[in-house]
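Here's the letter readout for the chains.
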Amino acid sequence: MEEELKCPVCGSLFREPIILPCSHNVCLPCARTIAVQTPDGEQHLPHTAGGLGGGAGGGGDHADKLSLYSETDSGYGSYTPSLKSPNGVRVLPMVPAPPGSSAAAARGAACSSLSSSSSSSITCPQCHRSASLDHRGLRGFQRNRLLEAIVQRYQQGRGAVQGASAAVAVAICQLCDRTPPEPAATLCEQCDVLYCTACQLKCHPSRGPFAKHRLVQPPPPPAPVEASSAAARKYPTCPEHEMENYSMYCVTCRTPVCYLCLEEGRHGKHEVKPLGAMWKQHKMVWDQINHCTLKLRQSTGLMEYCLEVIKENDPSGFLQISDALIKRVQVSQEQWVKGALEPKVSAEFDLTLDSEPLLQAIHQLDFIQMKFPVTVPPGPLLQLEKCCTRNNSVTLAWRMPPFTHSPVDGYILELDDGDGGQFREVYVGKETLCTIDGLHFNSTYNARVKAFNSSGVGPYSKTVVLQTSDVAWFTFDPNSGHRDIILSNDNQTATCSSYDDRVVLGTAAFSKGVHYWELHVDRYDNHPDPAFGVARASVVKDMMLGKDDKAWAMTEGGVCKGATVGVLLDLNKHTLTFFINGQQQGPTAFSHVDGVFMPALSLNRNVQVTLHTGLEVPTNLGRPKLSGN
């Protein structure tokens, strides 16, 4: 956590930390060294301040001036002074004391000038954002009391640890659970672990796998860094040739070897490479590990710092930095995923896959074709979640059971007559989805399917029961109507472009049941003569409805603009009846009506009609009015 508690300017633990607008922290004394002053009335930096920029000439000074004041409205710029602190951060030089004054007085004058007759700014040493200072100067920034308390507690804890470790002048056991640990008595050269006598007997007995380990006296306390760095490096030697150092790397055996191993040993015919080249290649992996370790250490330090912040019993101080701390954690997480987990190995690190043993094993395989006896296929499974009905159409879907080895050449779909009669074939083919149109409304149908192949026909599937719609929903048919018919309102409103009568049919066909629909007269000009009724599919469409023997219609009687014409087709009684505005027009218009009929209408350009379907058969329609004396 220590890196979280160090000032980015001086590199030491924070002293009187203040929070910059960008949420980073800096020591108050250090902030005085990185503040930039500009006298009032000037639109650019003075020459002395401009000379601190990165450029040596006047062009560099001008660029620095513009970079500081180009974003004065937002309070942020990108100007960075040029001198460097011990931690690598650019700082301003100390203002020389005027002649005849003390250094302390000069520093006081410099600090007070930040809040008097000059406009000033300070650049964050971490994100390089600049913020303008108000009349209070650096004292206008909030003091990070929480961070200050954590630094104080950290210093106290570090002092205690340093005092305890200073008292230890001898090597201690690395496995002791006693407090304090016992002095080390032996060192295992293979394990590189220090043991006291008790721990050596308990954890490292001189038998079994440890019998060949070499135990020596523990080394003296570590020498200073300067002495240890001057010690001669000990190069590893070949275990088979003790006097020879490793010089090559055997790629086949993946082990370092000496030159005698190549001349006399078993590595003579193996592929070898220089040891230094292989070390550089494999060192890239260690660079990746070190990079991840650094990221992990930074993340761990931030985590420990967050825990210390949570421990502080200072609500106002916590709320002061909580948003910035949450943002830092989020940024750290994104950087960890993006930076630490990206591979750092360069393209020079070649990985090869030895596929020769695998290819030899494949060539030695003997493939045997397993032939199952061809039998009739089993019964298909109806997919009920895909089976549905719409109006007088039904859709069925099926599939074969899993793990079916018998081939399938096709399927046979059967349907009854909707009245409990015999099944009949309605589809034969290879598809597993079928829609049957033109069924009776308000009827219950039973369906089943079976599969067949060269060996015969398999058993039936289970029977599914499907119910068609109680009432008919349909529109005018744009495909079967005369070309002069004009449809709109989703094919529910019809008119004509010709003065002659033209016929248009509905999209539904009826052969059973009782059906009722209505037509509303939207426009009725110059006494036209529209006709309402039913017709066969082959009716003549360029003359008035009812002029041939394939249509049954009403052509006159009470029809006007705003009127509603009702058509009642009762195929159980084989009758056709008409109504106008809810009143029956005379007795039953037609009897002995048998076969398949479609709703029909004929009209010319003086009439516009809107169709209304999906209606229940009314039970309270008025009877015809009788006239008498």
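Our subject in this report is the structure included herewith. (Residues numbered from 1 in each chain as written. Predicted model: local features only at pLDDT ≥ 70, side-chain atom pairs only at ≥ 80, totals over all residues. Heavy atoms only, no water.)

**What to know about the packing of aromatic side chains**
Part 1 of the reasoning: Tallied over the full model, the rule gives 7 aromatic pairs.
Part 2 of the reasoning: With a centroid separation of 5.8 Å and an interplanar angle of 65°, the aromatic rings of Trp398 and Tyr411 are classed as edge-to-face. Taken together, the residues span a long stretch of sequence, with Trp398 in strand β16 (residues 393-399) and Tyr411 in strand β17 (residues 410-415) at a distance of 13 residues.
Part 3 of the reasoning: Centroid distance Phe441 to Phe510: 5.4 Å. Interplanar angle 45°. Geometry classified as tilted. With Phe441 in the loop between β19 (433-436) and β20 (444-453) and Phe510 in the loop between β25 (502-505) and β26 (514-524), the pair connects residues that are 69 residues apart, well separated along the chain. (Phe/Tyr/Trp six-rings, centres within 6.5 Å; stacked < 30°, edge-to-face > 60°. Helix = DSSP H or I, 4+ residues; strand = E, 2+ residues; numbered from the N terminus.)

**Thoughts on the nonpolar core**
Part 1 of the reasoning: Counting 31 residues, the largest nonpolar core has Phe510, Trp517, Leu519, Phe532, Leu569, Leu576 and Leu601 as the members making the most contacts within it.
Part 2 of the reasoning: Breaking this core down by element, the ones donating at least two residues are β26, β27 (531-535), β28 (551-554), β29 (564-570), β30 (575-580), β32 (598-603) and β33 (607-612).
Part 3 of the reasoning: With residues near it in sequence (within four places) discarded, Leu576 still touches Val534, Trp552, Val567, Leu568, Leu569, Thr588, Ala589, Phe590 and Val593.
Part 4 of the reasoning: Grouped together as the second largest cluster of nonpolar side chains are 30 residues, Cys7, Val9, Ile122 and Leu302 included. (Core = buried A, V, L, I, M, F, W, Y, C linked by side-chain atoms within 4.5 Å. Buried < 20%, exposed > 50% of the residue type's maximum accessible area, 1.4 Å probe, protein only. Contact = heavy atoms within 4.5 Å.)

**Some thoughts on a nonpolar patch on the surface**
Part 1 of the reasoning: A cluster of nonpolar side chains, contributed by Met303, Leu307, Ile310, Phe318 and Leu319, occupies part of the molecular surface with about 520 Å² of accessible area.
Part 2 of the reasoning: Breaking the nonpolar patch down by element, the ones donating at least two residues are α9 (275-311) and α10 (315-340).
Part 3 of the reasoning: Among the secondary structure elements, Phe318 is positioned in helix α10.
Part 4 of the reasoning: Looking at Phe318, the relative accessible area reads 32%, which means it is partly exposed. (Patch = residues over 30% accessible without salt bridge, like charges linked within 9 Å, V, L, I, M, F, W, Y side chains within 5 Å. Areas by Shrake-Rupley, 256 points an atom, 1.4 Å probe, with all protein chains shown as cover. Salt bridge = Lys/Arg side-chain N within 4 Å of Asp/Glu carboxyl O.)

**So, unusual backbone geometry**
Part 1 of the reasoning: Of note in this structure, Asn489 is not a glycine but carries a positive phi near 55°.
Part 2 of the reasoning: Relative to the helices and strands, Asn489 is located in the loop between β23 (485-488) and β24 (493-496).
Part 3 of the reasoning: Looking at Asn489, the relative accessible area reads 43%, which means it is partly exposed.
Part 4 of the reasoning: Phi is positive for Asp490, close to 55°, though the residue is something other than glycine.
Part 5 of the reasoning: Among the structural elements, Asp490 can be located in the loop between β23 and β24.

**Observations regarding the pattern of salt bridges**
Part 1 of the reasoning: The tally for this structure, following the rule as stated, stands at 11 salt bridges.
Part 2 of the reasoning: Between Glu4 and Arg328 there is a salt bridge, with its nearest N and O atoms 2.8 Å apart. You can see Glu4 sitting in the segment before β1 (17-19) and its partner Arg328 sitting in helix α10, a full 324 residues away along the chain.
Part 3 of the reasoning: Relative accessible area serves as the criterion here: at 16%, Glu4 is assigned to the buried category.
Part 4 of the reasoning: The network of salt bridges with common partners includes Glu2, Glu3 and Lys6.

**Here we look at the side chain of Ser480**
Part 1 of the reasoning: If you trace the backbone, Ser480 turns up in the loop between β22 (464-467) and β23.
Part 2 of the reasoning: At a separation of 3.0 Å, a polar atom in the side chain of Ser480 contacts the side chain of Asp477.
Part 3 of the reasoning: With residues near it in sequence (within four places) discarded, Ser480 still touches Leu505 and Lys541. (Polar contact = N/O pair within 3.5 Å; in protein donor to acceptor, adjacent residues only side chain to side chain.)

**A closer look at the sheet that holds β33**
Part 1 of the reasoning: Read across the open sheet, the 7 strands follow the order β23-β24-β33-β26-β29-β30-β31; overall the sheet is antiparallel. The two strands at the open ends of the sheet, each matched to only one other strand, are β23 and β31 (583-584).
Part 2 of the reasoning: The sheet contact formed by β24 and β33 spans 2 bridges and is antiparallel. What sits directly across from Thr493, in β33, is Thr610. (Pairing = 2+ DSSP bridges.)

**Side note on the environment of Gly558**
Part 1 of the reasoning: Its place among the elements puts Gly558 in the loop between β28 and β29.
Part 2 of the reasoning: Under the relative-accessibility criterion, Gly558 is labelled exposed at 56%.
Part 3 of the reasoning: For Gly558 and Asn581, which are 23 residues apart along the polypeptide, the C-alpha to C-alpha distance reads 9.4 Å.
Part 4 of the reasoning: With residues near it in sequence (within four places) discarded, Gly558 still touches Ala563 and Ile580.

Shape is all these values report; function is a separate question.
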